[in-house]
Amino acid sequence: MRHSEGLLADERGIEGLPVRLVIAMVVGVASLSVMMSMLSGISGLSVTELDTQPSPEVVAPGNETVEVRVVDPDGAGVADATVIARGGSARLDGVATAKTDENGTAELQLSPELGPNQRDGTVEFDVKPPAGSEYTDERENTALLVVEE
């Protein structure tokens, strides 16, 4: 019994422990922030999202020639990207593809169609970035609007 009373009365077991935990936590957070700032400075880990700019933006159903410009967030054209047009709420016969020129522009021959009693629809664009580039196309791109006249 004497041994257990001595253990219960002994307060040395926690002396200094909270201070050591706080110091370890501060050092850990500081080290983590230094490592994160080093990683964010490496440009090889970042990617740039692409978008499309169709011209014209609005067409009628039927045969149309549409120029699609692939741009980065700064508005600069991206060469050697592949543009893929797919029917959204407007129908296309299959898919249409074209590669962008040095200005980032691709020309597509499209024949969008609307369903019965459908007043408008969209043609969606996807972009396959140039091989070996820092570009990506994860978000939704600007679509082509098809409107019945």
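So, here is what we can say about the structure in this document.

### A closer look at the nonpolar core
Consideration 1: If you look at the biggest cluster of nonpolar residues, it comprises 22 residues, and the most contacted ones within it are Ala85, Leu108, Leu110, Val123 and Phe125.
Consideration 2: Elements represented by at least two residues in this core include exactly strand E4 (64-71), strand E5 (82-87), strand E6 (96-99), strand E7 (105-110), strand E8 (120-128) and strand E10 (144-147).
Consideration 3: Not counting residues within four places of it along the chain, the set of residues in contact with Phe125 comprises Thr52, Pro54, Val68, Val83, Ile84, Ala85, Leu108, Asn141, Thr142, Ala143 and Leu144.

### Notes on the sheet that holds E4
Consideration 1: One open sheet accounts for three strands, arranged E2-E4-E7; its pairing is antiparallel. Only two strands of the sheet have a single partner each, and these edge strands are strand E2 (51-55) and E7. On average, each strand axis in the sheet is tilted by 30° relative to the strand beside it, whichever way the strands run.

### Brief notes about a nonpolar patch on the surface
Consideration 1: On the surface, a nonpolar cluster with roughly 270 Å² of combined accessible area is contributed by Val19, Ile23 and Val27.
Consideration 2: Of note, Val19 is situated in helix H2 (residues 17-40).

### A short note on the pattern of salt bridges
Consideration 1: Tallied over the entire structure, the rule returns two salt bridges.
Consideration 2: The closest approach of N and O atoms between Asp126 and Arg86, which form a salt bridge, is 2.9 Å. One end of the pair, Asp126, is in strand E8; the other, Arg86, is in strand E5, with 40 residues separating them in the sequence.
Consideration 3: Judged by its relative accessible area of 31%, Asp126 is partly exposed.

### Points about the sheet that holds E6
Consideration 1: Here we have five strands laid out as an open sheet, ordered E3-E10-E8-E5-E6, and mixed in their pairing. Every interior strand has two partners, whereas the edge strands, strand E3 (58-59) and E6, have only one.

### Notes on the side chain of Thr100
Consideration 1: Turning to its location among the elements, Thr100 is positioned in the loop between E6 and E7.
Consideration 2: Polar side-chain contacts of Thr100 include one of 2.9 Å to the backbone oxygen of Val78.
Consideration 3: At 2.9 Å, the side chain of Thr100 forms a polar contact with the backbone nitrogen of Asp80.
Consideration 4: Apart from the residues lying within four places of it in its own chain, the contact partners of Thr100 are Val70, Val78, Ala79, Asp80, Ala81, Val83, Thr105 and Ala106.

### Some details on the pairing of E10
Consideration 1: Burial along E10 is one-sided: Leu144 and Val146 are buried, while Leu145 and Val147, pointing the other way, are not.
Consideration 2: Bridge analysis of E3 against E10 gives two bridges, and the strand direction is parallel. Pairing of Val59 across the sheet is with Val146, part of E10.

### Side note on a negative patch on the surface
Consideration 1: A cluster of acidic residues, Glu67, Asp101, Glu102 and Glu107, forms a negative patch on the protein surface.
Consideration 2: The topology assignment puts Glu107 in strand E7.

### What about unusual backbone geometry?
Consideration 1: Of note, the bond from Ser55 into Pro56 is cis; its omega dihedral lies within 30 degrees of zero at 0°.
Consideration 2: Counting through the fold element by element, Pro56 comes out in the loop between E2 and E3.
Consideration 3: Of note in the backbone geometry, Asp80 takes a positive phi value of approximately 65° without being a glycine.
Consideration 4: Mapped onto the elements of the fold, Asp80 is located in the loop between E4 and E5.
Consideration 5: Relative accessible area serves as the criterion here: at 46%, Asp80 is assigned to the partly exposed category.
Consideration 6: Despite not being glycine, Asn117 has its phi angle at roughly 60°, a positive value.
Consideration 7: By the element assignment, Asn117 lies in the loop between E7 and E8.

Conventions and cut-offs
Residues numbered from 1 in each chain as written. Predicted model: local features only at pLDDT ≥ 70, side-chain atom pairs only at ≥ 80, totals over all residues. Heavy atoms only, no water. Core = buried A, V, L, I, M, F, W, Y, C linked by side-chain atoms within 4.5 Å. Buried < 20%, exposed > 50% of the residue type's maximum accessible area, 1.4 Å probe, protein only. Helix = DSSP H or I, 4+ residues; strand = E, 2+ residues; numbered from the N terminus. Contact = heavy atoms within 4.5 Å. Pairing = 2+ DSSP bridges. Axes fitted to C-alpha atoms, helices over the stretch in contact; angles between N-to-C directions. Patch = residues over 30% accessible without salt bridge, like charges linked within 9 Å, V, L, I, M, F, W, Y side chains within 5 Å. Areas by Shrake-Rupley, 256 points an atom, 1.4 Å probe, with all protein chains shown as cover. Salt bridge = Lys/Arg side-chain N within 4 Å of Asp/Glu carboxyl O. Polar contact = N/O pair within 3.5 Å; in protein donor to acceptor, adjacent residues only side chain to side chain. Lys, Arg positive; Asp, Glu negative; His and termini not counted. Charge placed at Lys NZ, Arg CZ, Asp CG, Glu CD.

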